[in-house]
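For reference, the chains in residue letters:
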Amino acid sequence: MTWKRKDVLGLQNLSVEEIEIILDTAVSMKEVLGRTIKKVPALRGRTVVTLFYEPSTRTRTSFELAAKYLSADSVNLSASTSSVVKGETLKDTARTLAAMGADVVVLRHPMAGAPNLLAETIPAAVINAGDGTHEHPTQALLDMFTVREKLGKLAGLNVAIIGDILHSRVARSNIWGFTKMGARVRICGPATMIPASIETMGVEVYTRVEEALEGADVVMMLRIQLERQQQGLFPSLQEYTRLFGLNRQRLALARPGALVMHPGPINRGVEILPEVADGVNSVITEQVTNGVAVRMALLYLLGGGGIPVA
Amino acid sequence: MHKLLLKGGRVVDPAAGEIFPADILIVKGKIAAIGQDLEAGEGTVIDVGGRLVSPGLIDMHVHFREPGFEAKETIATGSRAAARGGFTAVACMPNTDPVADNRAVISYIRSRAAQTGLIKVYPVAALTRGSRGEELTEMADLKEAGAVAFSDDGLPVSSAAVMRRAMQYARMVGLPVISHCEEPTLSAGGVMHEGYMSTVLGLPGIPAAAEEIMVARDIILSEHTGCPLHIAHVSTAGSVRLIREAKARGVPVTAEVTPHHFTLTDRAVAGYNTSAKVNPPLRTEEDVAALKEALADGTIDVIATDHAPHTVEEKDVEFQLAPFGMVGLETAVGLVWTELVIPGVLSPVEAIRKLTINPARILGLQDGVIRVGADADITIIDPGLTEVVDPSTFASKGRNSPFSGKKLQGLPVATIVRGRLVYDRGLLAVT
């Protein structure tokens, strides 16, 4: 099978075959990252625009480096520096970028569905770098890549995702991705942060973290934001840590050798204790490296990279 | 003296609950005779050819946007859309700019409608000044100016104390209160029904409870004050249960449902379709089933469109930024027939009743009947005629319909207001 899709807007609509192509391509890309001179000419003459309507350091930098390693020209636009402040609509901004010759547009936006609107407006490929509480497909792909690399497979694994599921696009993308690949996904968090009817997505729902961790192969902790406490979704960070924080005793409930993951940035001592974040099970730093490889793979596939990487 | 004869139709009498073959003779805008083999003399004859001759349809919930939002709709374009949809009368909601909370705005709306001269436009006045939910409007003065009901539609009165006083006062004045039931702290930030679809799309949800809590509150206040309460655009199974139970106890409550709420579910939002963004939101299969059951058993009295036009530009944005609302006047009859009458949820007479005499009674209007001496407001419906919805053909300025491309059967072919043909699809022989 060859790559045909113009955009990657989420994992909900990707097939198992497409996910495998991305992960396999990322393996080659990771090899490039290990070289002394980590640059290939695959996307020479192509233009990648990152359009960020939300502050982000790691995702934006990851995409930017991925583009550079593939020799693409990259431009970064953020909401504060763009014409957005002049009241231009997203569609008009997109048309302008397309008219200037952008081949791939990477969009981060606070509103769910913004990448869909962009993708149907312009001929350029669109990669969703996170839209509201909808999806964050590149994060889930790098998570799946990391798990496959470490544990050798995805099918049959028990994956526990713990935290603010309601506001998490990372959780949604990982639920679609891991369940498609044959893993079993459990979600866990305060009852106020479990979205309506999420069990219909094919997950098991827990509010006791000990039950969710029992025998898990992968433990994925989500960032808890203090503003949710101000919105009345949980009483205090202290109680959150007491009920849901991942410490050594709780991790012992998971399978020996279980992977501890976090999309970052982490709140040390809140959702995850330093003893676990920096412990032997943690693959948090490797997730970051793999993020660059997965984003290179997507830019390569969507950017029409005809030149072989190897 | 102008005469118009509607020949060979099947006359729908929603008051008597029957359909019978008859001719109708209209003289000077009034119905002069109903019977067999009537003669027009010098007048015009329209050959109805066995189609249904209904009392003019009444849509008791529309937004005509004038004054203030003329880019979305005007009283003239809204009236044309109504006529094209088979409606001879509408009640327009007060959320204009300025808000219809004083005599001047009510008079302005009536004069614009008179200038347009197509259909009857009955203004609904605001319940509170500026629809801010704080101080009462001058209800007696507004009634005298021509208001037919009071409502803060779209901006629900959050204070139970204000709602109680408003209902006590409205009862004294003698007009009903129409309530858009939404508990604002529960719906805050929501843009679609809270459920599986909102979870998957990552859009903030509006739970069914946000509507049901206010339905319960307003029913209790109606019972307490004795004020007739009309619940606008009921969307959930829970609201239906509350209204059914209140009616059984004798609370003076009535209710309406929109064609979009009895036809569509939250699945229509998939793909971030802003045409399907509406408040109250499209709900679930179970809710749709409950609404149909409520139509059939009489719990829901009225079908109204909540016609809410917006410009193309306003809807062509991120889902969360798009305004709520969809147009409905020009697809209503087709949806009633396709979704309710043809599948047997409602008989033709029951369907017509919810579009004519029921809204007329709630608003205290003389319309909605075919009777000698009454205004000759008549809608001719062809139950077999089909079309595919194409918003570009709408007379409304609004194109924001979620039904684009849907095939409908059962359509209005002519609309007559006070004896004047205000819409003619061109299918009837006129001699």
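The rules we used
Residues numbered from 1 in each chain as written. Chains lettered and ligands numbered in written order. Predicted model: local features only at pLDDT ≥ 70, side-chain atom pairs only at ≥ 80, totals over all residues. Heavy atoms only, no water. Helix = DSSP H or I, 4+ residues; strand = E, 2+ residues; numbered from the N terminus. Buried < 20%, exposed > 50% of the residue type's maximum accessible area, 1.4 Å probe, protein only. Contact = heavy atoms within 4.5 Å. Areas by Shrake-Rupley, 256 points an atom, 1.4 Å probe, with all protein chains shown as cover. Lys, Arg positive; Asp, Glu negative; His and termini not counted. Charge placed at Lys NZ, Arg CZ, Asp CG, Glu CD. Expected span 1.5 Å × (residues − 1). Arc of directions from axis to C-beta. Polar contact = N/O pair within 3.5 Å; in protein donor to acceptor, adjacent residues only side chain to side chain. Core = buried A, V, L, I, M, F, W, Y, C linked by side-chain atoms within 4.5 Å. Buried area = accessible area lost by both parts, 1.4 Å probe. Salt bridge = Lys/Arg side-chain N within 4 Å of Asp/Glu carboxyl O. Nonpolar A, V, L, I, M, F, W, Y, C, P; charged D, E, K, R; others polar. Phe/Tyr/Trp six-rings, centres within 6.5 Å; stacked < 30°, edge-to-face > 60°. Pairing = 2+ DSSP bridges. Axes fitted to C-alpha atoms, helices over the stretch in contact; angles between N-to-C directions. Parallel < 35°, antiparallel > 145°, perpendicular 65-115°, else oblique. Right-handed = clockwise from strand over helix to strand, strands pointing away.

### Overview of the overall build of chain B
What chain B contains, in helices and strands, is 14 helices and 18 strands. Counting the 431 residues in chain B, one finds 63% classified as buried. When contacts within chain B are restricted to residue pairs at least 6 apart in sequence, those whose partners lie at least 24 apart make up 75%. Element-wise, carbon and sulfur atoms account for 51% of the exposed surface of chain B, whose accessible area totals about 15000 Å². Side chains of chain B give 41 positive and 51 negative charges; the mean places of these two sets differ by 4 Å.

### Some remarks on helix 4 (residues 160-173) of chain B
Counting along an α-helix, one turn takes 3.6 residues, and residues three or four places apart therefore face a common direction. Residues and elements named next belong to chain B. For helix 4, with 14 residues, the first-to-last C-alpha span of 20 Å sits near the 20 Å given by 1.5 Å per residue. Among all positions in helix 4, only Val 162, Met 163, Ala 166, Met 167, Ala 170 and Val 173 are buried. Buried residues of helix 4, viewed axially, fall in a sector of 130 degrees; they line one side. Facing away from the buried side of helix 4, by more than 90 degrees, are the exposed residues Ala 161 and Met 172. Where helix 4 is buried, its residues meet helix 3 (139-145), strand 9 (177-179), helix 7 (208-225) and strand 12 (229-231). With a side-chain oxygen lying 3.2 Å from the backbone nitrogen of Ala 161, the N-terminal cap of helix 4 falls on Ser 159.

### A few points about the environment of Leu291(B)
Residues and elements named next belong to chain B. Topologically, Leu 291 is positioned in helix 10 (residues 285-297). Sequence spacing of Leu 291 and Arg 103 is 188 residues, and the spatial spacing of their C-alpha atoms is 36 Å. Those residues within four positions of Leu 291 in sequence are excluded, and the remaining contacts are Val 234, Ser 235, Val 240, Val 257, His 261, Phe 262 and Ile 300.

### Describing the nonpolar core
Counting residues in hydrophobic clusters, the biggest one holds 74 residues, and the most contacted among them are Phe150(B), Ile231(B), Ile300(B), Ile303(B) and Val336(B). Judged by nonpolar contacts, the second largest core, of 69 residues, contains Val48(A), Ala171(A), Ile198(A) and Leu222(A).

### Topic: the interface of chain B and chain A
The partner chain A presents 22 residues to the 14 residues of chain B that form the contact. Across the chain B/chain A interface, buried area totals approximately 1500 Å², and carbon plus sulfur atoms make up 60% of it. Close ionic contact of Lys91(A) with Asp316(B) constitutes a salt bridge, the shortest N to O distance being 2.9 Å. Applying the counting rule to chain B against chain A returns seven residue pairs in polar contact (both at pLDDT 80 or more). When the residues that make up the side of chain B that touches chain A are grouped by side-chain class, the tally is seven nonpolar, four polar and three charged.

### Considering the packing of aromatic side chains
Residues and elements named next belong to chain A. On inspection of all chains with the given rule, the structure shows two aromatic pairs over all chains. Summarising the aromatic geometry, the rings of Phe 234 and Tyr 240 are spaced 5.6 Å apart at their centres and angled 55 degrees between planes, so their arrangement reads as tilted. Both residues of the pair, Phe 234 and Tyr 240, count as buried. Measuring from centroid to centroid gives 5.4 Å for Tyr 240 and Phe 244, while their planes differ by 35 degrees, and the two rings are tilted.

### Describing the sheet that holds strand 1 (residues 47-52) of chain A
Residues and elements named next belong to chain A. An order of 2-1-3-4 is seen for the four strands of this open sheet, with the pairing classed as parallel. Of all the strands in the sheet, just strand 2 (73-78) and strand 4 (125-131) have a single pairing partner and so form its edges. When the angles between neighbouring strand axes are averaged without regard to direction, this sheet yields 15 degrees. When strand 1 meets strand 2, the two strands line up parallel, connected through six bridges. For Val 48, the partnering residue across the bridge sits in strand 2 and is Ser 74. Where helix 3 (residues 90-99) meets the sheet, it contacts strand 1, strand 2 and strand 3 (104-109), and its direction lies at approximately 160 degrees from that of strand 1.

### Side note on the packing of helix 1 (residues 16-33) of chain A against helix 5 (residues 137-151) of chain A
Residues and elements named next belong to chain A. It is at 10 Å that the axes of helix 1 and helix 5 come closest, and there the two elements cross at 70 degrees. By the angle between their axes, helix 1 is roughly perpendicular relative to helix 5. Residues Ile 19, Ile 22, Leu 23, Asp 24, Ala 26, Val 27 and Lys 30 of helix 1 lie in contact with helix 5, whose contacting residues are Leu 141, Met 144, Phe 145, Arg 148 and Glu 149. Grouping the amino acids of the contact of helix 1 with helix 5 by side-chain chemistry returns eight nonpolar, no polar and four charged.

### Digging into the side chain of Ser56(A)
Inspection of the secondary structure puts Ser56(A) in the loop between strand 1 and helix 2 (58-69). In this structure the side chain of Ser56(A) is engaged in a polar contact, spanning 3.4 Å, whose partner is the backbone nitrogen of Arg60(A).

### Digging into the pattern of salt bridges
A full pass over the atoms with the stated rule returns 38 salt bridges over all chains. Of the charged contacts in the structure, one is a salt bridge between Lys6(A) and Asp7(A), with a shortest N-O distance of 2.9 Å. A relative accessible area of 31% means that Lys6(A) is categorised as partly exposed. You can call Asp7(A) buried: its relative accessible area is 13%. Glu211(B) serves as the salt-bridge partner of Arg283(B), at 3.8 Å between the closest nitrogen and oxygen. On the criterion of sequence distance, the pair formed by Arg283(B) in the loop between helix 9 (259-263) and helix 10 and Glu211(B) in helix 7 is long-range, its members being 72 residues apart. Given a relative accessible area of 3%, Arg283(B) falls into the buried group. Three or more residues joined by partner-sharing salt bridges are found here, namely Lys30(B), Lys120(B), Asp367(B), Asp375(B), Asp377(B) and Arg418(B).

### Quick word on the environment of Met201(A)
Within the element layout of this structure, Met201(A) appears in the loop between strand 6 (184-188) and strand 7 (204-206). Once residues lying within four places of it in the same chain are set aside, the contact partners of Met201(A) are Arg172(A), Ile175(A), Trp176(A), Tyr196(B), Thr199(B) and Val200(B).

### Topic: the pairing of strand 6 (residues 57-62) of chain B
Residues in a regular strand point their side chains to alternate faces of the sheet. Residue and element names in this part refer to chain B. Within strand 6, six of the six residues are buried, which leaves the element mostly enclosed by the surrounding structure. With four bridges joining them, strand 6 and strand 7 (residues 87-92) adopt parallel strand pairing. Paired with Val 62 across the strands is Cys 92, a residue of strand 7. Viewed along the sheet, the connection from strand 6 through helix 1 (residues 75-84) into strand 7 turns out right-handed.

Purely geometric stuff here, so don't read any function into it on its own.
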